[in-house]
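Each chain, written out:
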Amino acid sequence: VISEIEFAFRYTKAKIAAITGSNGKTTTTLLLGHVLKSAGYDVLVAGNVGVGFALSLAERDYDYIILELSSFQLDGIQNFRSDVAILLNITPDHLDRYDYKLENYAASKFRITENQTKEDVLIYNADDTFLNTLKTKAKRLPISLQIQQKEGGFYNNNEITINLNNNTMTMQELALQGKHNIFNSMAAAMAARVFEVKDTVIRQAMIDFQNVEHRLEYVLTVHGIDFINDSKATNVNACWYALESMTKKVVWIVGGVDKGNDYDELVNMVDEKVKAIICLGENNKQIIKAFRDKVDTIVQASTMVDAVKQSYGLANKNDIVLLSPG
């Protein structure tokens, strides 16, 4: 059995960039696609986002293909390789599929580079200790929010620096806010440089990019209460980033199917930012247990309509209602 990614790969001559990670892969994929399209390149964006890879290739081939890849898709590859692989981060997700072992889940993500050669490039998160142990034949380009990189990308004093082949590019203004998006933008800019997009095009594309639907997407304001849809936040780490970027008190709608989540990393963030929690979904015992000492109000909702109605009742003017299910 092979995945659709493996199958479709056999029918293209395109340059391929493949992007995986627990969080940020959709944003990074769409951002890189936007940069290459802005440069006038013939680009397909596919995989775990948008249209099917195989269906698109059945119609025509492209010069460049940007693929968002999930661990599920990478589980089913054999010979698939990309010219540029981007590995953003590894945090616990889908552990119910991987015998509740983080190393099994990480091994699936690491497959993104297993067929790469020394002609290819691996862009990876140097701040993630898991990723520094990764073995690859590809040229390594580390990116970091904490450590200056001789060759690679780093962030310092509100400025992104990209170093590649002794050429340096800097960027300050970005369309996307939040530390996680600085990192996603750095990864996309690094890949664009590998594909020889001009600095001026990269900078402009980073300024005019439109954010992803369902990822910290502002919906509307009712009586001074902002409603934000972050329904793509389907693991604990993604919720952490969402809460970290909130500047007002939060009524948080959270829950669904429990995938073996550990909520410990959210406890301090919830204590600081969240005034009420609305539990949505099938099994909320873990959520209630984790946060009952940190939040005065925790209620349950059986439907999304019920959750939104309750959130409106719990929020005051200048609060935020955040759907970030985790």
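Residues numbered from 1 in each chain as written. Predicted model: local features only at pLDDT ≥ 70, side-chain atom pairs only at ≥ 80, totals over all residues. Heavy atoms only, no water.

(A) Looking closely at the nonpolar core. Among the nonpolar cores identified, the biggest contains 41 residues, and Leu 32, Ile 123, Ile 202 and Met 206 are the most heavily contacted of them. For this core, the leading source of residues is helix H6 (residues 179-194), giving 9 residues. Excluding anything up to four places from it in sequence, Ile 202 contacts Val 35, Met 169, Met 171, Ala 189, Ala 192, Arg 193 and Val 197. Phe 53, Ile 65, Phe 110 and Ile 112 belong to the second largest nonpolar core, which has 29 residues in total. (Core = buried A, V, L, I, M, F, W, Y, C linked by side-chain atoms within 4.5 Å. Buried < 20%, exposed > 50% of the residue type's maximum accessible area, 1.4 Å probe, protein only. Helix = DSSP H or I, 4+ residues; strand = E, 2+ residues; numbered from the N terminus. Contact = heavy atoms within 4.5 Å.)

(B) The confidence of the model for the chain, seen in detail. This prediction gives the chain a mean pLDDT of 89; 95% of its residues lie at or above 70. Ranking the elements of the chain by mean pLDDT puts helix H5 (residues 102-110) last, at 76, and strand S3 (residues 64-68) first, at 97. (pLDDT = per-residue confidence, 0-100.)

(C) How the structure looks around a nonpolar patch on the surface. Taken together, the side chains of Ile 2, Phe 7 and Tyr 11 present a nonpolar region at the surface, about 300 Å² in accessible area. Along the chain, Phe 7 turns up in helix H1 (residues 4-9). (Patch = residues over 30% accessible without salt bridge, like charges linked within 9 Å, V, L, I, M, F, W, Y side chains within 5 Å. Areas by Shrake-Rupley, 256 points an atom, 1.4 Å probe, with all protein chains shown as cover. Salt bridge = Lys/Arg side-chain N within 4 Å of Asp/Glu carboxyl O.)

(D) Quick look at the sheet that holds S3. Ordered in space as S2-S3-S1-S4-S5-S6-S7-S8-S9, the 9 strands form an open sheet in which the pairing is mixed. Both outer strands of the open sheet, strand S2 (43-47) and strand S9 (167-171), are each paired with one neighbouring strand and no more. Going across the sheet, the axis of each strand differs from the next one's by a mean of 15°, ignoring polarity. Sheet analysis places S2 next to S3, joined by 5 bridges and oriented parallel. Pairing of Gly 47 across the sheet is with Glu 68, part of S3. Sheet contacts for H6: strand S4 (84-87), strand S5 (121-125), strand S6 (139-144), strand S7 (152-156), strand S8 (159-164) and S9; angle to S8, the most-contacted strand, approximately 30°. (Pairing = 2+ DSSP bridges. Axes fitted to C-alpha atoms, helices over the stretch in contact; angles between N-to-C directions.)

(E) Structural detail: the pattern of salt bridges. Counted by the stated rule, this structure contains 10 salt bridges. Note that Lys 139 is salt-bridged to Glu 151, the shortest N-O span being 3.4 Å. A residue pair is termed long-range when its members are at least 10 positions apart, and Lys 139 in strand S6 and Glu 151 in the loop between S6 and S7 qualify at 12 residues. Given a relative accessible area of 29%, Glu 151 falls into the partly exposed group. One salt bridge in this structure joins Arg 193 and Asp 199, with 3.6 Å as the shortest N-O distance. By relative accessible area, Arg 193 is classed as buried at 11%.

(F) Spotlight on the packing of aromatic side chains. If you walk through the whole model with that rule in mind, you get 7 aromatic pairs. Between Phe 9 and Phe 80 the ring centres are 5.2 Å apart and the planes differ by 70°, which places this aromatic pair in the edge-to-face class. Separated by 71 residues along the polypeptide, Phe 9 in helix H1 and Phe 80 in the loop between helix H4 (71-75) and S4 bring together distant segments of the chain. Assigned by exposure class, Phe 9 and Phe 80 land together as buried. An angle of 70° between the planes, with centres 5.9 Å apart, marks the rings of Tyr 263 and Phe 291 as edge-to-face. Separated by 28 residues along the polypeptide, Tyr 263 in the loop between strand S12 (250-254) and helix H9 (267-273) and Phe 291 in helix H10 (residues 285-291) bring together distant segments of the chain. Both residues of the pair, Tyr 263 and Phe 291, belong to the buried class. (Phe/Tyr/Trp six-rings, centres within 6.5 Å; stacked < 30°, edge-to-face > 60°.)

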